[in-house]
Amino acid sequence: MSTEPSETAEDAEPGTPDESARTERAGAEADPAEQGGDAAEGRQVSEAEAELLAQRAERERIERRKAERREPIEAGAKLSGRAADLLAAVRAVESGEKPVAAVFEETRPAPRRPAPEPARPAPPVTLEAAPATEVVSAVRAVLAQGGAPETLAVRTAGVLGEGASEALRADPWQLLRVTGVRPAQADGFARALLGSAAGPDDARRVRAVTGWLLEQAAAAGHTALETSVLTAALEQQGVPDAEGAVRNAISDGDVLVFQDPAPEAGVPVPQRGGAGAGGSQNEADGAEEERPVRVLVGLERYAMAEESLADGLARLVGSAPRQDGPGAEWERAAASAGGSGGELIRAVAGHGLVLHTGGQASLTEPAALLRAAHGLGLRAWAAAHGPLGRARFAALLEGAGTADGAGAEDPGVATVAGLLSGAEGPGRDADGALRLDLLVVLDAPQLDVEAAALVTESLPDGARLVLAGDPGVLWSVGPGRVFADLLAARACPQIASRRPDPGPLGELVSGIGVGELNQVAAPGKEVVIVPVRDAGEAVHRTVQLVVDSVPRAIGVPAEETQVITPGHGGAVGTRALNAALKERLNPGPGRFGGFDPGDRIAYSPDRGRTVPGRVVRADADGLHLSCAGEAVVVPQERVEQSVRHGWALTAHQAVGCRWPAVVVVLPGDAVPALSRPWVYTAFSRAERHLSVVHGVEQALPHAVAEVAAKPRTTRLPVLLAPQIPAAAG
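The residue numbers shown here count from 1 along each chain, following its written sequence. Reporting in this predicted model follows two pLDDT cut-offs: at least 70 for local features of residues, and 80 or more for side-chain atom pairs to be given and counted; totals over whole chains, interfaces and linings ignore these cut-offs and use all residues. Excluding hydrogens and water, the side-chain figures rest on all heavy atoms present in the structure.

### Overview of the overall build of the chain
For clarity, the cut-off: Numbering of helices and strands runs from the N terminus; a helix is a DSSP stretch of H or I covering at least four residues, while a strand is a stretch of E covering at least two. For each residue, the accessible area found with a 1.4 Å probe, counting protein chains only, is set against the maximum for its type, and the residue is called buried under 20%, exposed over 50%, and partly exposed in between. Contact definition: two residues touch when any of their heavy atoms are within 4.5 Å. Surface accessibility in these figures is a Shrake-Rupley result with a 1.4 Å probe; residues are shielded only by whichever protein chains are displayed.
Of regular secondary structure, the chain possesses 29 helices and 19 strands. Counting over 729 residues, the chain shows a buried share of 52%. Here the contacts in the chain between residues at least 6 apart in sequence split such that 75% fall between residues at least 24 apart. Within the structure as shown, the chain displays about 32200 Å² of accessible surface, and the carbon and sulfur contribution to it stands at 52%.

Below you can see the structure in the form of structure tokens.
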């Protein structure tokens, strides 16, 4: 099991360059502002920065709430509202001031929940101050002395803080905390500063490399690693006593250690709190004791997020949903929807957590659920992975409302990031919980453990959560496999849509989902295979398809055709394809960081989120973009980090989006990157037409039939087991 993203990691985003690029040039992805000086203090907060800082503030608020819950309540001083009233009543009875009957007479039923409140704007966000000029200058001097790129100065100062230069002199391997720096480069920096004292067994090096390996594992999707895997990775990095290094990391508190039941194929995680049919509790306990365990280590950040997620899910499952209408009304809505859509409505009526699976056509079922809940008076919202998915689902809701004669007001639709930051959605109540009763999260496989934990912690007690998505697509860019883990745990109702995607494209994608690459009849040229022999021909044919063939034969213009390829680098990666497509579709000098007005771009405000758009103009404020109908201004110092040309994307960048026509490019060197989830994701992005530039021969059907998703080490099933009994059946 690898702890690092592969060299052709197609999920690499701007700001997280692929491994080959990192190896060739540490720090080459640094911001222009870092190359030219310090960022100005008090600059305008960008949309992406506002979202990130708001999420950070929300995490801190959640941690404070959890800490307060764990603290003892002293003499009722921290109670308020109904809890304080009950405590006062108990004391009145104990002191003899009131008889017990009088206290019960004063108890009244809880009033009916008030009408939904209007959405409120997000609270103002203050941008953290840029590193001081003198701090950056001192860091730049140390980097120059050690032979490291001075362009890392601003980033290093931001990571290490006010005493960054002193910290680097005392421990040069602290440079590994800066994104993009690898152990070999940090070793060279340390040797330049420390001379012969910089050895592979230096405790400072061992500690830094251990943390770096666990961060690389998180980038590859793991929330924890088995100790044997971490030990082997440390040995590969030249650590003489790798086992001792792991023990020291545990004893020093650098990592957390866990002992979890070892997973066995086909055997569910043992459930606590009861024995199965035909066996005693003692037998169940004995079976659990005899089961082998595996020892895992992980960084506190991801361990706490996964534990918080498990607690939040257990709270949703264990708390009864609010009864927002008689059961007859829910049943009437379910009967009206019919089929698997009706099953979804029935499941949500009685459960706090429900999973819904299906392809593009199945989105009509969450739409029907939201309309039914909205009609019953629930504050119902949906959250998509990105703005294109949000717009598509909002249009679906609007169409459903017109068809069923509903009023003009529709349930709300936001993006997950916007909902969590407060930039979108219903706002939060006085306790910090989202003001809603039902939340449907679309594109659920894209939730990593940190985002999922924030979602569950933000829901009020009694709320309902529906996680909906296609289990065949690629997993999240961040650590975890939340949706897949929940499906495997069977801890809540799961509704599988029976609405297949229509037409030849739907038939093709459905076959890929079960490991079969079928030939489908495509009388309307819905699917076209274009064989190529080498990389040069692949680029030529791709440009020809986008510029001429698809517009002429299919009627889809170039601006509505998307190219998808496995990686950013290489002769047929996104960089090469975007350069060739720009030359034909929007030639220009690239005066602003390589971009010109009219360029198609992929904007990544943070890791795992990519928003397609276009360049509008550039000025002193930065690069002005239009992304899904929204105006975005990217400051000059962030352009290189967060904006790429977007005629060609990777499959991970394309998740959550669909286009009328898609050209999937499979050059010969793409074979190592191919898997069933990758092919499924790339092919399913097409709505009307799919062209496949095919240069991998039999590797494509082999990948579909034999190459599953790379395994990820996660702890969510084990954390859920003692809290949520497995769902029957």
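There's more to say after this.
### Description of the pattern of salt bridges
Counted only if it meets this: Here, a salt bridge means any Lys or Arg side-chain nitrogen found within 4 Å of an Asp or Glu carboxyl oxygen.
On inspection of all chains with the given rule, the structure shows 20 salt bridges. Residues Glu-450 and Arg-301 are paired through a salt bridge, measuring 2.7 Å at the closest nitrogen-oxygen approach. With Glu-450 in helix H20 (residues 449-458) and Arg-301 in helix H14 (residues 300-318), this pair connects stretches of sequence that are 149 residues apart. Look at Glu-450 and you get buried, because its relative accessible area is 11%.

### Focus on the nonpolar core
For clarity, the cut-off: Only buried Ala, Val, Leu, Ile, Met, Phe, Trp, Tyr and Cys residues count toward a nonpolar core, and they belong to the same one when joined by side-chain atoms within 4.5 Å.
Of all hydrophobic cores here, the largest spans 45 residues; its most connected members are Leu-143, Leu-168, Leu-175, Phe-189 and Leu-234. When residues in this core are grouped by element, the largest group, 8 residues, is from helix H10 (residues 203-219). In this view, Leu-175 contacts Leu-143, Ala-148, Leu-152, Thr-156, Leu-168, Val-181 and Phe-189; residues no more than four positions away in its chain are not counted. With 39 residues, the next largest nonpolar core counts Leu-313, Leu-355, Leu-459 and Leu-487 among its residues.

### What to know about the confidence of the model for the chain
Put simply, the test is: Confidence of the prediction at every residue is given by pLDDT, a number between 0 and 100.
Taken over all residues, the pLDDT of the chain has a mean of 82, while the share at 70 or more is 76%. In this model, residues 72-83 is a region of pLDDT below 50 whose contacts with residues beyond four sequence positions or in other chains number 10 contacts. Under a pLDDT of 50 for its full length, residues 98-128 has, in the predicted model, 43 contacts with residues more than four places off or in other chains.

### Describing the sheet that holds strand S4 (residues 353-357)
Note the following rule: DSSP calls a pair of strands paired once it identifies at least 2 bridges connecting them. Every axis in this analysis is a line fitted to C-alpha atoms, fitted for helices over the stretch in contact. Angles between the N-to-C directions lie between 0 and 180 degrees.
With parallel pairing, 6 strands are arranged side by side in an open sheet as S6-S5-S7-S8-S4-S9. Sheet topology places strand S6 (412-415) and strand S9 (494-496) at the edges, where each strand pairs with a single neighbour. Averaged over all pairs of adjacent strands, the angle between strand axes in this sheet comes to 20°, irrespective of strand direction. Sheet topology note: the S4/S9 ladder contains 3 bridges and is parallel. Across the sheet, His-356 pairs through a bridge with Ile-495, a residue of S9. Relative to strand S7 (residues 438-441), helix H17 (residues 364-375) is tilted by about 170°, and along the sheet it contacts S4, strand S5 (380-384), S7 and strand S8 (464-469).

### Topic: helix H6 (residues 133-145)
The α-helix winds at 3.6 residues per turn, so residues separated by three or four positions along the chain end up facing the same way. Quick reminder of the rule: Multiplying 1.5 Å by the helix residue count minus one yields the expected span of that helix. This arc is built from the directions going out from the helix axis to the C-beta atoms.
The end-to-end C-alpha distance of H6, which contains 13 residues, comes to 19 Å, matching closely the 18 Å that a straight helix rising 1.5 Å per residue would cover. All of the buried residues in H6 are Val-135, Val-136, Val-139, Val-142 and Leu-143. All buried residues of H6 lie within an arc of 125° about the axis, which places them on one face of the element. The secondary structure elements touched by the buried residues of H6 are helix H7 (153-160), helix H8 (164-170) and helix H9 (183-194).

### Considering the pairing of strand S11 (residues 561-564)
Residue alternation in S11 divides its side chains into two sets, Thr-561 and Val-563 and Gln-562 and Ile-564, and both sets are buried. Relative to strand S18 (residues 659-666), S11 runs parallel, the two being bridged by 4 bridges. Note that in S18 the partner of Thr-561 across the bridge is Ala-661. Sheet topology places S11 next to strand S17 (residues 648-649); 2 bridges connect them, and they run parallel. By the bridge assignment, Val-563 is partnered in S17 with Ala-648.

### Some thoughts on unusual backbone geometry
Positioned with a positive phi, Ala-628 is a non-glycine residue whose angle comes to about 50°. Here Ala-628 falls in the partly exposed class, since its relative accessible area comes to 31%. Although it is not a glycine, Glu-697 adopts a positive phi angle of roughly 50°. Mapping Glu-697 onto the fold places it in the loop between strand S19 (686-694) and helix H28 (699-706). Using a relative accessible area of 64% as the deciding quantity, one classes Glu-697 as exposed.

### Brief notes about the sheet that holds S18
Strands in a sheet are paired, the pairing made by backbone hydrogen bonds, and the direction either parallel or antiparallel. Strand order in this open sheet of 5 strands is S10-S19-S18-S11-S17, and the pairing throughout is parallel. Because the sheet does not close on itself, it has two edges, and the strands there are strand S10 (527-531) and S17. Looking at chain direction, S18 and S19 are connected through 7 bridges and run parallel. When the sheet's bridge partners are listed, Trp-659 is paired in S19 with Ala-686. Packing of helix H27 (residues 676-683) onto the sheet brings it into contact with S11, S18 and S19, and relative to S18 it is tilted by some 145°.

### Let's talk about the packing of helix H16 (residues 339-350) against H17
Quick note on the threshold: For classification purposes, an angle smaller than 35 degrees is called roughly parallel, one larger than 145 roughly antiparallel, one from 65 to 115 roughly perpendicular, and anything else oblique. A crossing counts as left-handed when the near helix is turned anticlockwise from the far one by less than a right angle, and as right-handed when that turn is clockwise.
In the contact formed by H16 and H17, the axes pass within 9 Å of each other and the chain directions differ by 45°. By the angle between their directions, the pair H16 and H17 is classed as oblique. Helix-helix and strand crossings are classified by hand; for H16 and H17 the assignment is right-handed. Note on element contacts: H17 touches H16 through Glu-365, Pro-366, Ala-368, Leu-369 and Ala-372, opposite Ser-340, Gly-341, Leu-344, Ile-345 and Val-348.

### Some words on the side chain of His-694
Condition: Side-chain atoms alone can form a polar contact between residues adjacent in sequence; in general such a contact is a pair of N or O atoms within 3.5 Å, and within protein one must be able to donate a hydrogen while the other accepts it.
The residue His-694 is located in strand S19 in this model. At 3.4 Å, the side chain of His-694 and the backbone nitrogen of Val-696 are in polar contact. Dropping the residues within four chain positions of it, His-694 is found in contact with Ile-529, Val-530, Pro-531, Val-532, Leu-666 and Leu-700.

### Focus: the pairing of strand S15 (residues 630-634)
Looking at chain direction, strand S14 (residues 622-627) and S15 are connected through 5 bridges and run antiparallel. What sits directly across from Leu-625, in S15, is Val-632. The turn joining S14 and S15, which pair antiparallel and follow one another in sequence, is formed by 2 residues; a positive phi near 50° is taken by Ala-628.

### Some points on the side chain of Asp-202
Of note, Asp-202 is situated in the loop between H9 and H10. Separated by 2.8 Å, the side chain of Asp-202 and the backbone nitrogen of Arg-204 make a polar contact. Beyond its immediate sequence surroundings of up to four residues, Asp-202 is in contact with Trp-173 and Ala-197.

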